[in-house]
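Chain by chain, the residues run as shown.
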Amino acid sequence: PMMLLDTKNPAKPKLLAVAQPMQEFIHSNAWPNAGKDRWALTSGETWTPGPGTSRCNDKSAGLATWDTSKVKSRKTFMMVDVWRPTNGTVTDGNPVVNAPFGCSSHWFQEHPDFRNGGLVAAGFYNHGTRFLNIAKNGKIEQAGWFLPHGGGTSAAYWIDDEVVYAIDYQRGFDVLRYNG
């Protein structure tokens, strides 16, 4: 489970809150603005090689938003939304199959201007870099994408308010400019 700990005394961490149960593995998490943002963000990983696992489905790992407004009173995080990749035709920005990495999200980073919502850049392995907008109500919508040929994008990092480095296991890294 995802837990919020007070680690002022590292030898005796204090449990502050626990997220609602979730079926998928959470790989990465962030609570923007030093834990003061309304939304916590997570991404999972469902990389499972082998026959029958090269297509996305409703169990594929995605990027999720978690409501933090009740952390102090109810000691819990509640999931609000999750954006999952889908398969497509390549020309629509979505690969036909997901090989060799499966259908999965990975590391992400919120935009420097993220405040209770905003833009997130995320690595989605065979689905490349996804730019996802988190609305003020926590709902997620895709705002852009970069799908490299033969890629395996593992992470996306904002270098400034326009430039993203997309780290790729197959290609090294791509320098992307997001202009909306």
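Coordinates for the structure precede this section.
Nothing here was measured: the structure is a model prediction, and the numbers come from that model.

Undergrad: Explain the nonpolar core residue by residue, including any values.
TA: By size, the foremost hydrophobic cluster in this structure holds 12 residues: Trp39, Leu41, Leu63, Trp83, Phe108, Phe114, Val120, Ala122, Phe124, Leu132, Ile134 and Ile140. Secondary-structure elements contributing two or more residues to this core are β4 (39-44), β8 (118-123) and β9 (129-134). Apart from the residues within four sequence positions on either side, valine 120 is in contact with Leu41, Leu63, Phe108, Gln109, Glu110, Phe114, Arg130, Phe131, Leu132, Ile134 and Trp158.

Undergrad: Give a detailed account of the pattern of salt bridges, specifying residues and quantitative values.
TA: Tallying each qualifying case throughout the model produces four salt bridges. Here lysine 8 and aspartate 6 are joined by a salt bridge, their closest N and O atoms 3.8 Å apart. One salt bridge in this structure joins glutamate 162 and arginine 177, with 2.8 Å as the shortest N-O distance. With glutamate 162 in the loop between β11 (153-158) and β12 (163-168) and arginine 177 in strand β13 (residues 172-177), the pair connects residues that are 15 residues apart, well separated along the chain.

Undergrad: Give me the packing of aromatic side chains: which residues, what numbers.
TA: Taken as a whole and assessed by the stated rule, the structure comprises nine aromatic pairs. Residues tryptophan 158 and tyrosine 178 carry aromatic rings whose centres are separated by 6.4 Å and whose planes lie at 85° to one another, so their mutual orientation is edge-to-face. Remark: tyrosine 178 occurs in the segment after β13 and tryptophan 158 occurs in strand β11; sequence separation between them is 20 residues. Grouping residues by exposure puts tryptophan 158 and tyrosine 178 together as buried. Members of the aromatic cluster, each reached through a chain of ring pairs, are Phe101, Tyr125 and Tyr169.

Undergrad: For the sheet that holds β4, give the residues involved together with the corresponding values.
TA: Where strands meet in a sheet, backbone hydrogen bonds hold them as pairs that are either parallel or antiparallel. Reading across the sheet, the six strands line up as β1-β2-β6-β5-β4-β3 and stay open at both edges, with mixed pairing between neighbours. Looking at the sheet topology across the chains shown, the edges are occupied by β1 (3-6) and β3 (26-30). Direction aside, neighbouring strands of the sheet carry axes that sit 30° apart on average. In the sheet, β1 pairs with strand β2 (residues 14-19) via four bridges, with the strands oriented antiparallel.

Undergrad: Explain the sheet that holds β12 residue by residue, including any values.
TA: Spatial strand order, β11-β12-β13: three strands in an open sheet with antiparallel pairing. Each edge of the open sheet is held by one strand with a lone partner, namely β11 and β13. Mean inter-strand twist for the sheet, computed between neighbouring axes without regard to direction, equals 20°. Note that β11 and β12 share five bridges and pair antiparallel. Bridging from a neighbouring strand, alanine 155 pairs with isoleucine 167 of β12.

Undergrad: Any chance you could break down the state of the cysteines for me, citing the residues and the numbers?
TA: All told, the structure shown has one disulfide when counted by the stated rule. Across the disulfide, cysteine 56 is cross-linked to cysteine 103 (sulfur-sulfur distance 2.0 Å). Here cysteine 56 and cysteine 103 share a disulfide; its torsion about the S-S bond, 95°, makes the bridge right-handed. In this pair, cysteine 56 is assigned in the loop between β4 and β5 (63-67) and cysteine 103 in the loop between β6 (76-83) and β7 (108-110), connecting sequence segments 47 residues apart. Relative accessible area serves as the criterion here: at 17%, cysteine 56 is assigned to the buried category. You can call cysteine 103 buried: its relative accessible area is 3%.

Calculation criteria
- Residues numbered from 1 in each chain as written.
- Predicted model: local features only at pLDDT ≥ 70, side-chain atom pairs only at ≥ 80, totals over all residues.
- Heavy atoms only, no water.
- Core = buried A, V, L, I, M, F, W, Y, C linked by side-chain atoms within 4.5 Å.
- Buried < 20%, exposed > 50% of the residue type's maximum accessible area, 1.4 Å probe, protein only.
- Helix = DSSP H or I, 4+ residues; strand = E, 2+ residues; numbered from the N terminus.
- Contact = heavy atoms within 4.5 Å.
- Salt bridge = Lys/Arg side-chain N within 4 Å of Asp/Glu carboxyl O.
- Phe/Tyr/Trp six-rings, centres within 6.5 Å; stacked < 30°, edge-to-face > 60°.
- Pairing = 2+ DSSP bridges.
- Axes fitted to C-alpha atoms, helices over the stretch in contact; angles between N-to-C directions.
- Disulfide = S-S within 2.5 Å.

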